[in-house]
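Here are the chains, one letter per residue:
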Amino acid sequence: MEVRVRYAPSPTGLQHIGGLRTALFNYLFARSQKGVFILRLEDTDRTRCDDAYVRNLYDTFAWLGFRWDEGPDSGGPFSPYIQSERTGLYRRYAHELVAAGKAYYCFCPPERLDAVRKEREAAHSSQTGYDRFCRTLDAQEAAQRAQTEQCVIRLKIPLDAATRFTDRLIGEVVWKNNDINPDPVLLKSDGFPTYHLANIVDDHLMGITHVLRAQEWLASTPLHVILYEALGWEPPEFCHLPMVMGQDGKKLSKRHGATSVDEFRKNGVLPHALLNYVALLGMSYEEGREIYSLDELVARFNPEKLNKAQAVFDYKKLEWFNTQYIKEMDDEELAAQAIPFAREINLFGPNGAVPCENDRTLFIKALPLVKERAAYLGELAEKLRYLFAEPPLPEASVFMPKKATHEDTLRLLRIGRGFVEELARLNEADGEALVKRIAEDEDVKLGDLLMPLRVALTGTRVSPPLFGSVILLGARRAAQRVDKALSMLAIPPVNC
Ligand code: GLU
């Protein structure tokens, strides 16, 4: 049997880590089984859905770089894949259920439902939900009234029985029907289905074989199983994935940090780093290995190895993944990802200027100087600022090596001025040899010799590798910066 799975988001918010985990696990499962991965938009709650969230969904997955085989934009044999375009189907099945005596019309106005609730509250009753008032109406009369009166369609939950199903991860689940919200609405008075009806109808019609979704949906599953039975359909296999929690054990939320994929993207996380990390949330692959490409994840995805315990989202760990991916990435590709961040800090000119060809080339060449230790894409541009704009000179004390006087510092920088142009023309290894020889000849420590030079060229004591920086700045610019620093230091500090 061909595996068919789906990601079925409701566009009522930005795509978040939990949703991404569900989508990714469905994708990996489908690919690993040579099956089909479907995207279906569950947009029947018209008050909460928004087109901006639909756009965010497409944007997010385009950025992440993995796709569904069938969906609203790619089409497929079960089009349309947008529930608001399939309402006729849901209405048909809801009415069929009424005709079969498995569901019924309910005419209770909201005021009545409200009054029942208040009455129960006042009586401290343990009963909640609908009181099944319309369940016993004469079916023929109700059908007549439904022609002209506002009504909803409710599912008849079988009384005093239990519903069973097997969850692939959790095992055997038995749920007392009394614990299910009494007679949930399937079709609303505006003719739109509720999530439960639309979800089941579509999973059945679209041939879904496995439902992999977060455990927050587990409580809805008994109701879904009853609905499958009522419709005379075989339910798919269920697999409820443990929730993604913050490190304090509470559901991941804004309190913990970024939660939407968009935020991670804006913070400078690489799509593959995020995918790789999220793929590990609730799944073990190989002992002692964490870095995997998408194809490698597909090859290793095994539902038997899903973890039962809740997954904990560790921001530091994601940072580690990002650092690894930045370090390993090809410079051209990394530049493509990092340039938008560089433009944000106006690295190539005011108003987020697009880099000219020279600047782009310089940026790509400079990446090896900083990509070893950057945790986020934005840091790359920050650390390379000194190459694109002359940094302001810090005060004299910043130039001074430990234990050196102002005079010593000036002397060291003058020595630096003597070789900086040559340094710019040598490769790094030859440059290092040259500088070592000079330090020996001048009888100064290498670190002391380079400190004032580093500050003159980069504006700080802690900078990307110096020789590489000098080469990229070029002899003329490097000499100019040193000259400027020399004239500043040459004016003796005022001693009051
Ligand atoms: N529309 C539901 C959601 O927003 C789908 C739940 C399910 O996968 O059944 O997550």
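Here, every reference points to the structure presented above.
The shown structure was predicted, so the numbers you read here are calculated from the model rather than taken from an experiment.

(A) Molecular detail of the sheet that holds strand β3 (residues 103–106). Spatially, β3-β4-β7 is the arrangement adopted by the 3 strands of the open sheet, whose pairing is antiparallel. Every interior strand has two partners, whereas the edge strands, β3 and β7 (185–187), have only one. Pairwise comparison of adjacent strand axes, ignoring direction, gives a mean angle of 45° for this sheet. Pairing between strand β4 (residues 152–155) and β7: 2 bridges, direction antiparallel. The partner of Ile 153 across the bridge, within β7, is Leu 187.

(B) Quick peek at the site of the ligand. Around the ligand, the structure places Arg 6, Ala 8, Ser 10, Glu 42, Tyr 195, Asn 199, Arg 213 and Trp 217. Here an oxygen atom of the ligand sits 2.9 Å away from a polar atom, N or O, in the side chain of Tyr 195. Asn 199 is positioned with one of its side-chain polar atoms (N or O) 3.1 Å from an oxygen atom of the ligand. A total of 300 Å² of accessible area belongs to the ligand in isolation, and the protein chains cover 84% of it. For the shell around the ligand, a count of residues per class yields 3 nonpolar, 2 polar and 3 charged.

(C) The arrangement of the side chain of Asp 183 in detail. Mapped onto the fold, Asp 183 is located in the loop between β6 (171–176) and β7. Among the polar contacts listed, one links the side chain of Asp 183 to the backbone nitrogen of Ile 157, at a separation of 3.0 Å. Setting aside residues up to four positions removed in sequence, Asp 183 forms contacts with Tyr 104, Tyr 130, Arg 132, Arg 135, Arg 154, Leu 155, Lys 156 and Ile 157.

(D) Spotlight on helix α2 (residues 51–64). Given a rise of 1.5 Å per residue, 14 residues ought to cover 20 Å, and the 20 Å separating the end C-alpha atoms of α2 matches this to within 8%. Looking only at α2, the buried set comprises Val 54, Asn 56, Leu 57, Thr 60, Phe 61, Trp 63 and Leu 64. Packing partners of the buried residues in α2 comprise β1 (4–7), α1 (17–32), β2 (36–39), α8 (261–266), α9 (271–279) and α12 (331–344). The N-cap residue of α2 is Asp 50: its side-chain oxygen and the backbone nitrogen of Ala 52 are 2.9 Å apart.

(E) Quick peek at the pattern of salt bridges. Tallied over the entire structure, the rule returns 37 salt bridges. Residue Asp 202 is joined to Arg 40 by a salt bridge in which the shortest nitrogen-to-oxygen separation is 3.8 Å. Here the residue Asp 202 occupies a position in helix α6 (residues 195–205), and Arg 40 occupies one in the loop between β2 and α2, the gap between them amounting to 162 residues. Classification of Arg 40 by relative accessible area gives buried; the value is 0%. One salt bridge connects Asp 248 with Arg 255, and the closest N-O pair in it is separated by 3.7 Å. Given a relative accessible area of 43%, Asp 248 falls into the partly exposed group. Taken together, the shared-partner salt bridges in this structure form one network comprising Arg 6, Arg 40, Glu 42, Arg 86, Asp 202 and Asp 203.

(F) Looking closely at the nonpolar core. Of all hydrophobic cores here, the largest spans 112 residues; its most connected members are Leu 24, Leu 28, Phe 66, Leu 274 and Phe 363. Dropping the residues within four chain positions of it, Leu 24 is found in contact with Phe 66, Leu 275, Val 278, Ala 279 and Leu 294.

(G) Geometry of α9. α9 sits mainly inside the fold: 8 of its 9 residues count as buried. Three or more residues of α9 are buried, namely Pro 271, Ala 273, Leu 274, Leu 275, Asn 276, Tyr 277, Val 278 and Ala 279.

(H) Seen up close, the side chain of Arg 154. In this structure, Arg 154 sits in strand β4. In this structure, Arg 154 is buried with no salt-bridge partner, the nearest side chain bearing the opposite charge being Asp 183 at 6.8 Å. Reaching out from Arg 154, the side chain makes a polar contact with the backbone oxygen of Asp 183 at a distance of 3.0 Å. Beyond its immediate stretch of four places on either side in the chain, Arg 154 contacts Ala 103, Tyr 104, Cys 106, Leu 113, Tyr 130, Pro 182, Asp 183, Pro 184, Val 185 and Leu 186.

(I) Highlighting the pairing of β1. Judged by which residues are buried, β1 turns out to be covered on both faces: Arg 4 and Arg 6 on one side and Val 5 and Tyr 7 on the other are all buried. Note: β1 against β2, 4 bridges, orientation parallel. Directly across from Val 5, in β2, lies its bridge partner Phe 37. Each parallel crossover has a hand, and for β1 linked through α1 to β2 it is right-handed.

(J) Examining a positive patch on the surface more closely. Among the surface-exposed residues, Lys 402, Lys 403, Lys 445 and Arg 461 lie close enough to one another that they form a single positively charged patch. For Lys 445, the position within the fold is in the loop between α18 (428–442) and α19 (446–458).

(K) Molecular detail of unusual backbone geometry. In this model, Ser 79 is joined to Pro 80 through a cis peptide bond whose omega is -5°. Following the sequence through the fold, Pro 80 ends up in the loop between α2 and α3 (87–99). Notably, Asn 351 is not glycine yet its phi reads approximately 55°, a positive angle.

(L) The packing of helix α13 (residues 357–370) against helix α20 (residues 466–473), seen in detail. Two elements in contact, α13 and α20, have axes whose closest approach is 10 Å; the angle formed by their N-to-C orientations is 170°. It follows from the interaxial angle that α13 and α20 lie roughly antiparallel. Between α13, through Leu 362, Lys 365, Ala 366 and Leu 369, and α20, the contact on the second element is made entirely by Gly 468, Ser 469 and Leu 472. Of the residues in the contact of α13 with α20, the class split is 4 nonpolar, 2 polar and 1 charged.

(M) Layout of the packing of aromatic side chains. Taken as a whole and judged by the stated rule, the model has 23 aromatic pairs. On the basis of an interplanar angle of 50° and a centroid distance of 5.7 Å, the ring pair of Phe 264 and Phe 313 is categorised as tilted. Linking Phe 264 in helix α8 with Phe 313 in the loop between β11 (311–312) and α11 (315–328), this pair joins segments that are 49 residues apart in sequence. The exposure class assigned to Phe 313 is buried, which follows from its relative accessible area of 0%. Pairwise contacts between aromatic rings join Tyr 7, Tyr 27, Phe 37, Tyr 58, Phe 61, Phe 66 and Trp 68 into one cluster. The cationic tip of Arg 21 hangs over the ring face of Phe 25; the distance from NZ or CZ to the ring centre is 5.5 Å. The side chain of Arg 145 reaches across the aromatic face of Phe 107, ending 4.0 Å from its centre.

Cut-offs and rules
Residues numbered from 1 in each chain as written. Predicted model: local features only at pLDDT ≥ 70, side-chain atom pairs only at ≥ 80, totals over all residues. Heavy atoms only, no water. Pairing = 2+ DSSP bridges. Helix = DSSP H or I, 4+ residues; strand = E, 2+ residues; numbered from the N terminus. Axes fitted to C-alpha atoms, helices over the stretch in contact; angles between N-to-C directions. Near = heavy atom within 4 Å. Polar contact = N/O pair within 3.5 Å; in protein donor to acceptor, adjacent residues only side chain to side chain. Areas by Shrake-Rupley, 256 points an atom, 1.4 Å probe, with all protein chains shown as cover. Nonpolar A, V, L, I, M, F, W, Y, C, P; charged D, E, K, R; others polar. Contact = heavy atoms within 4.5 Å. Expected span 1.5 Å × (residues − 1). Buried < 20%, exposed > 50% of the residue type's maximum accessible area, 1.4 Å probe, protein only. Salt bridge = Lys/Arg side-chain N within 4 Å of Asp/Glu carboxyl O. Core = buried A, V, L, I, M, F, W, Y, C linked by side-chain atoms within 4.5 Å. Lys, Arg positive; Asp, Glu negative; His and termini not counted. Right-handed = clockwise from strand over helix to strand, strands pointing away. Patch = residues over 30% accessible without salt bridge, like charges linked within 9 Å, V, L, I, M, F, W, Y side chains within 5 Å. Charge placed at Lys NZ, Arg CZ, Asp CG, Glu CD. Parallel < 35°, antiparallel > 145°, perpendicular 65-115°, else oblique. Phe/Tyr/Trp six-rings, centres within 6.5 Å; stacked < 30°, edge-to-face > 60°. Lys NZ or Arg CZ within 6 Å of the ring centre and 35° of its normal.

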